[in-house]
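Per-entry structural report
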Amino acid sequence: MAEKMITPEELAGGIDYKPKKKTWLDPTVEFKKGTWNYAAPPQNLEYLDLPNPRKWSPIDEDWKLPDNWKEIILEGLRVRIKRFRSLQLFMDICVRCGACADKCHFFIGSGDPKNMPVLRAELLRSVYRKDFTTAGKIMGKMVGARELTVDVLKEWFYYFYQCTECRRCSVFCPYGIDTAEITMIARELMNLVGINIEWICTPAANCFRTGNHLGIQPHGFADSIEFAVDELEELTGIKVDAPINKKGAEILFVAPSADYFASPHYYTLLGYLALFHEIGLDYTWSAYASEGGNFGLFHSHEMMKRLNAKIYAEAKRLGVKWILGGECGHMWRVIHQYMDTLNGPADFLEEPVSPITGTKFENAKNTKMVHIMEFTSDLIRNNKLKLDKSRNDHWHPTFHDSCNPSRGMGLIEEPRYVIRACCNQFTEMPENTIKEQTFCCGSGAGLGTDENMEMRFRGGLPRANATKFVHDCDGVNILLCICAIDKATLPPLLEYWVPGVEVGGIHEMLGNALIMKGEKERTTDLRGEPLAGVESEEEKTEEEVSEDA
């Protein structure tokens, strides 16, 4: 019999914010079921040529570390302190003011002090202090310095994989310390000795091998796109063209693999296809760069660089002018914040200009890659689309600012502009839970696994609570977002905390509202759900049977 899941009432009622009696210097952690992730399989580490591939589990006493594991990590830390000036600053300038303490969704949902960003960072900072500062070498624990031990390493694993790198804490830090960057470095250090998790290394290995996180081969990708084309024809009466590996197209379109494989992402894909057909966009998909997401962001700077390179390699091979990216989260943080220094400059591409409106996307001058929310909002602003808002009247949306496009890229108003153009109803969640202050879904950065479900529900509590507020007060019944991870992890979160609220993408709403030339009479949305005021076939049949009786 499966183990009974803790109820929402039990979880929320059991959160205790009182500090524990034991000192934070004690690294002992309990690997409680539902709060940690499985280790990466050795075959994937071997495929990626990563260190120390072996079978192990976080709950094992012996993690099968190299004999010189401590020297490897300390040398890795020394190299990174020298390479990243920001890391040196983050290690030295924190004054423990506590401005970030209650800003982390994992601390709010667990009450564990080591999930305060300031204390999570201290787990690494204490080792830095011991081995890289004079005060730490001389005074030790008196100044919060700790020896790097196996127990400290296990503590790092437990807590740095309870951070989604969402960067909400950095918004409130008076010194601008970015705890997400500290988490990234800590994970890089653990990777040096083969301490990593499955749901980061497996998607990375798949992406390196087949071009996408799910390991879908090119013919499987093509089949998925063709299936979507056929389904869109059934819904609209229009056969659209979805070219794959077309050389000489003006634009390469890259979306997260979940868009053509998972639900509710798939309805967003249908929206893309309808939009591109209606505006006559000269574009192509790539069966080899069939993934916009980049799990390298959660692994290391080097892995991020390796996985991002495929997009630009395909753009060069296909001879496109520029790149358009779909509704994805961490793809955009990688492109916006790291592309220039990791893979750039992309001088073989042109500065993006919309072929429909003539708008020059100057913000993408270096990366040559435009977010689809920028592209679509520009189309609407220039009156290039005919939209019928009433087709979305059965939906009352709110919007979740996905962390990486919002805090990481500054995409705040464009999504809202498109939603308001497509929907008659729209309600914002409370001000301190959206935009730059948005709460994370609680499952990003590779943490969206089944074995980590309790911690996901804890971390997602603040976002769910804000959603519940507008659901109860205003009748919101769908939470829109522009991130593939959010679309995957928010449905179980809302089912747990806020039953009755669905999850969807903005281009799903656009696809519903879009009036296509030559379309048949639309009676359903892209999900096949009846439009407001339109009876379903099932309801019609029941009514006919009733009349006959």
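Quantities reported herein were computed from a predicted structural model and do not represent experimental measurements. (Residues numbered from 1 in each chain as written. Predicted model: local features only at pLDDT ≥ 70, side-chain atom pairs only at ≥ 80, totals over all residues. Heavy atoms only, no water.)

**Considerations on the state of the cysteines**
- Enumeration according to the criterion identifies 0 disulfides in this entry.
- Sulfur of Cys-94: no disulfide; nearest cysteine sulfur belongs to Cys-97 and is 6.7 Å away.
- The class for Cys-94 is buried, based on a relative accessible area of 12%.
- Its sulfur unpaired, Cys-207 is 10 Å from the next cysteine sulfur, which belongs to Cys-328.
- Given the relative accessible area of 3%, Cys-207 is considered buried. (Disulfide = S-S within 2.5 Å. Buried < 20%, exposed > 50% of the residue type's maximum accessible area, 1.4 Å probe, protein only.)

**Points about the side chain of Arg-54**
- By secondary structure assignment, the location of Arg-54 is in the loop between helix H2 (42–47) and helix H3 (69–83).
- For the buried Arg-54, no salt bridge is present, and the opposite-charge side chain at shortest range is Asp-62, 7.7 Å distant.
- A polar contact is formed between the side chain of Arg-54 and the backbone oxygen of Lys-64, at a distance of 3.5 Å.
- Within the structure, the side chain of Arg-54 is placed 2.3 Å from the backbone oxygen of Gly-194, a separation counted as a polar contact.
- Non-local contacts of Arg-54, meaning those with residues more than four positions away in its chain, are made with Ala-40, Pro-42, Trp-63, Lys-64, Leu-65, Val-193, Gly-194 and Ile-195. (Helix = DSSP H or I, 4+ residues; strand = E, 2+ residues; numbered from the N terminus. Lys, Arg positive; Asp, Glu negative; His and termini not counted. Salt bridge = Lys/Arg side-chain N within 4 Å of Asp/Glu carboxyl O. Polar contact = N/O pair within 3.5 Å; in protein donor to acceptor, adjacent residues only side chain to side chain. Contact = heavy atoms within 4.5 Å.)

**What about the pattern of salt bridges?**
- Taken as a whole, this structure holds 31 salt bridges when the rule is applied.
- Arg-96 is paired through a salt bridge with Glu-122; the nearest N and O atoms lie 3.1 Å apart. Taken together, the residues span a long stretch of sequence, with Arg-96 in the loop between helix H4 (85–93) and helix H5 (105–110) and Glu-122 in helix H6 (residues 117–132) at a distance of 26 residues.
- The partner of Glu-519 in a salt bridge is Arg-391, with the nearest N and O atoms 2.5 Å apart. With Glu-519 in the loop between helix H22 (506–513) and helix H23 (537–548) and Arg-391 in the loop between helix H16 (372–381) and strand E5 (397–399), the pair connects residues that are 128 residues apart, well separated along the chain.
- Arg-391 sits in the buried class, given a relative accessible area of 9%.
- Overlapping salt bridges bring together Arg-96, Glu-122, Arg-125 and Arg-129 as one network.

**Overview of the sheet that holds E5**
- Read from one edge of the open sheet, 3 strands run E5-E6-E7, paired in parallel fashion. Strands with a single pairing partner mark the edges of an open sheet, and in this sheet they are E5 and strand E7 (502–505). Neighbour to neighbour, the strand axes of the sheet diverge by 35° on average, direction disregarded.
- Across the sheet, H22 touches E5, strand E6 (478–481) and E7, and the angle it forms with E7 is around 75°. (Pairing = 2+ DSSP bridges. Axes fitted to C-alpha atoms, helices over the stretch in contact; angles between N-to-C directions.)

**As for a negative patch on the surface**
- On the surface, a cluster of negative charge is contributed by Asp-60, Glu-61, Asp-62 and Asp-151.
- As for its position among the elements, Glu-61 is in the loop between H2 and H3. (Patch = residues over 30% accessible without salt bridge, like charges linked within 9 Å, V, L, I, M, F, W, Y side chains within 5 Å. Areas by Shrake-Rupley, 256 points an atom, 1.4 Å probe, with all protein chains shown as cover. Charge placed at Lys NZ, Arg CZ, Asp CG, Glu CD.)

**A closer look at a nonpolar patch on the surface**
- The grouping of Ile-138, Met-139 and Met-142 at the surface amounts to a nonpolar patch, some 370 Å² of accessible area in total.
- Positionally, Met-139 belongs in helix H7 (residues 134–139).

**Thoughts on the sheet that holds strand E4 (residues 369–371)**
- A sheet is described by the order of its strands in space; here 4 strands give the open sequence E2-E1-E3-E4, paired in parallel fashion. Strand pairing shows two members of the sheet lacking a second neighbour, strand E2 (283–284) and E4, which therefore form its edges.
- Pairing between strand E1 (residues 251–254) and E2: 2 bridges, direction parallel. Residue pairing for E2: Ile-251 is matched across the bridge by Tyr-283.
- Helix H14 (residues 301–318) rests against E1, E2, strand E3 (322–325) and E4 of the sheet, and its axis sits at about 150° to E1.

**Here we look at the nonpolar core**
- Ranked by internal contacts, the top residues of the largest apolar core, which has 86 residues, are Trp-156, Phe-157, Ile-195 and Trp-497.
- At 7 residues, the largest contribution of residues to this core is made by helix H8 (residues 150–160).
- Formed jointly, this core draws a minimum of three residues from each of two domains, domain 1 (8–30 + 51–195) and domain 2 (204–513).
- Apart from residues no more than four positions distant in its own chain, Trp-497 is found in contact with Pro-8, Leu-11, Ala-12, Phe-457, Leu-461, Ala-464 and Lys-468.
- Tyr-267, Phe-276, Met-339 and Met-516 belong to the second-largest nonpolar core, a separate cluster that totals 75 residues. (Core = buried A, V, L, I, M, F, W, Y, C linked by side-chain atoms within 4.5 Å. Domains from an automatic or database assignment.)

**Observations regarding the packing of helix H13 (residues 265–279) against H22**
- Running from N to C, H13 and H22 cross one another at 50°; their axes reach a closest spacing of 7 Å. Relative to H22, H13 is oriented oblique. Every pair of crossing elements has a handedness; the one defined by H13 and H22 is left-handed. Of the residues in H22, those touching H13 at Tyr-267, Thr-268, Gly-271, Tyr-272 and Leu-275 are His-507, Glu-508, Leu-510 and Gly-511.
- Its residues assigned to classes, the contact of H13 with H22 shows 4 nonpolar, 4 polar and 1 charged. (Parallel < 35°, antiparallel > 145°, perpendicular 65-115°, else oblique. Left-handed = near helix turned anticlockwise from the far one by under 90°. Nonpolar A, V, L, I, M, F, W, Y, C, P; charged D, E, K, R; others polar.)

**Observations regarding the domain arrangement of the chain**
- Partitioning the chain into domains gives domain 1 (8–30 + 51–195) and domain 2 (204–513).
- The gap between the C-alpha centroids of domain 1 and domain 2 is 31 Å.
- Facing 29 residues of domain 1, the contacting portion of domain 2 comprises 32 residues.
- Buried surface at the junction of domain 1 and domain 2, summed over both partners, amounts to about 2,600 Å²; 62% is from carbon and sulfur atoms.
- Joining domain 1 to domain 2, the criterion identifies 1 salt bridge.
- Across the pair Arg-333 and Glu-181 runs a salt bridge, and its minimum N-O distance is 3.6 Å.
- Counting across the domain 1 and domain 2 interface gives 10 residue pairs in polar contact (both at pLDDT 80 or more).
- When residues of the side of domain 1 that touches domain 2 are traced back to their parent elements, those giving at least two are helix H1 (8–13), H5, helix H9 (168–172) and helix H10 (179–191).
- The element that contributes the greatest number of residues to the side of domain 1 that touches domain 2 is H10, accounting for 7 residues.
- When the residues that make up the side of domain 1 that touches domain 2 are grouped by side-chain class, the tally is 15 nonpolar, 6 polar and 8 charged. (Buried area = accessible area lost by both parts, 1.4 Å probe.)

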